[in-house]
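Observations on the three-dimensional arrangement
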Amino acid sequence: MRVEEIVTELARVAARETGRGSEALAVPATGGLLAAARALAGRPAPDAAVLTGFFIPAAESPAAETDGPIGAVQLAAALRALGSQVRLVTDTPCAPVVAAAIAAGAPGVPLDVAPLSGYDPWAAGVLPRYARLSHVIACERVGPAPDGRPRNMRGEDIGAHTAPLDRLFTAGPAFRIGIGDGGNELGMGRLPAELVARVVDRGDRIRCVVDCEALLVGGTSNWAAAALVGALALLRPEVVALRDLLRPEWSYDVLVAIVEKAGAVDGVRRRAELSVDGLDWPTYAEPLARIAELVEAA
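The residue count restarts for each chain, going from 1 along the sequence in the order it is written. Local features in this predicted model are restricted to residues of pLDDT 70 or higher, and side-chain atom pairs are both shown and tallied only at a pLDDT of 80 or more, whereas totals for entire chains, interfaces and linings draw on every residue. Water and hydrogen atoms were dropped before computing side-chain values, which therefore reflect all heavy atoms in the structure.

1. Focus: the side chain of Glu140
The test is simple: Put simply, DSSP marks the helices as runs of H or I at least four residues long and the strands as runs of E at least two long, and each gets a number from the N terminus on. Buried, partly exposed and exposed residues are distinguished by accessible area as a fraction of the type maximum, computed with a 1.4 Å probe on protein chains only: under 20%, between the cut-offs, and over 50%, respectively. In this charge count, Lys and Arg are treated as positive and Asp and Glu as negative; neither His nor the chain ends contribute. Each salt bridge in this description consists of a side-chain nitrogen of Lys or Arg and a carboxyl oxygen of Asp or Glu lying within 4 Å of one another. Polar contact criterion, stated in full: a pair of N or O atoms within 3.5 Å, where within protein one must be able to donate a hydrogen and the other to accept it, and residues adjacent in sequence count only if both atoms are side-chain atoms. The contact criterion used is simple: two residues touch if any of their non-hydrogen atoms lie within 4.5 Å.
Assignment of secondary structure puts Glu140 in the loop between strand 6 (135–139) and helix 7 (166–169). One buried charged side chain, Glu140, makes no salt bridge at all; its nearest oppositely charged neighbour is Arg20, positioned 5.7 Å away. At 2.5 Å, the side chain of Glu140 and the side chain of Ser221 are in polar contact. Apart from residues no more than four positions distant in its own chain, Glu140 is found in contact with Thr52, Gly53, Phe54, Glu65, Asp67, Gly68, Ile179, Gly180, Asp181, Glu185 and Ser221.

Next comes the structure, spelled out in structure tokens:
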């Protein structure tokens, strides 16, 4: 198969249905994976930021969820392998989980942490730097709904636990890549509003209105991030480190680290366990293994 055909298959694998309409949402996003990969694989290497962290306040022990940080750190490690300047961005409630993911999967990548209290002064200090970025990626980062409030899959306003990182996402002329799975993440404003309302439970209430240049839809956001790393490996085959990042064992090690060291929770089950969006590891790992197989066979 040609590279374009393999990337199309990567997108299909990443969008595997998990019961929340990902396959339907992925249709209008067709081509987003290839566009994102081409934007990141070019030279000179990007100066990029990756935003992540979705806080679950109603969990047994409130923490960031397991979906998002794994994929975000995987992308940061991939960009670093390509020679990029890259940093992770999250907010105070999600910082312990994102920091643990970095330590396990991409040691040394800088982390910017936005405060909930005093956000505006903090943002004023970093906005000039973010306005100069060439690329900004949001991986499972909640964004504002039509009423301006960030809402979880249950329709609950989680603004008290969420810094407005959408302002950084839209701060400058950077090429913006959105990665999500439920319609309420940054970048999902690229989808038709009526589709999200029809396909996603409470979609009319929770859908994010922030657009992007390239949108990736996954059954989990981590799968879509892995597909993007796979597409980068196809476009830049000389960077062998990209293929190492696709090993399911890499993701498992990061998952263990964020759960056991930082208390990351499954966003569906709302418990700290080795699962993602209600999927136990063997089921969750199947698309990861398939993505790695497709790239290895190319």
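2. Focus: the nonpolar core
Going by this rule: Put simply, buried Ala, Val, Leu, Ile, Met, Phe, Trp, Tyr and Cys residues joined by side-chain atoms within 4.5 Å make one nonpolar core.
Ranked by internal contacts, the top residues of the largest apolar core, which has 71 residues, are Leu10, Ile179, Leu228 and Ile258. The greatest single-element share of this core, amounting to 11 residues, is contributed by helix 10 (residues 221–235). Discounting residues that sit within four places of it in the chain, Ile179 has contacts with Leu75, Ile137, Ala138, Cys139, Glu140, Glu185, Leu186, Leu216, Ser221, Ala224, Ala225 and Leu228. Core analysis: the second largest hydrophobic core is formed by 33 residues, Trp122, Val136, Ala163 and Leu186 among them.

3. Considerations on the pairing of strand 7 (residues 175–180)
Selection rule: When DSSP finds two or more bridges between two strands, those strands count as paired.
Counted residue by residue, strand 7 has five buried out of six residues, so it is predominantly covered. Pairing geometry for strand 6 and strand 7, over five bridges, is parallel. Residue pairing for strand 7: Ala138 is matched across the bridge by Gly178. As defined by bridge partners, strand 7 adjoins strand 8 (residues 214–217) across four bridges and the pair is classed as parallel. Residue pairing across strands places Ile177 opposite Ala214, the latter belonging to strand 8.

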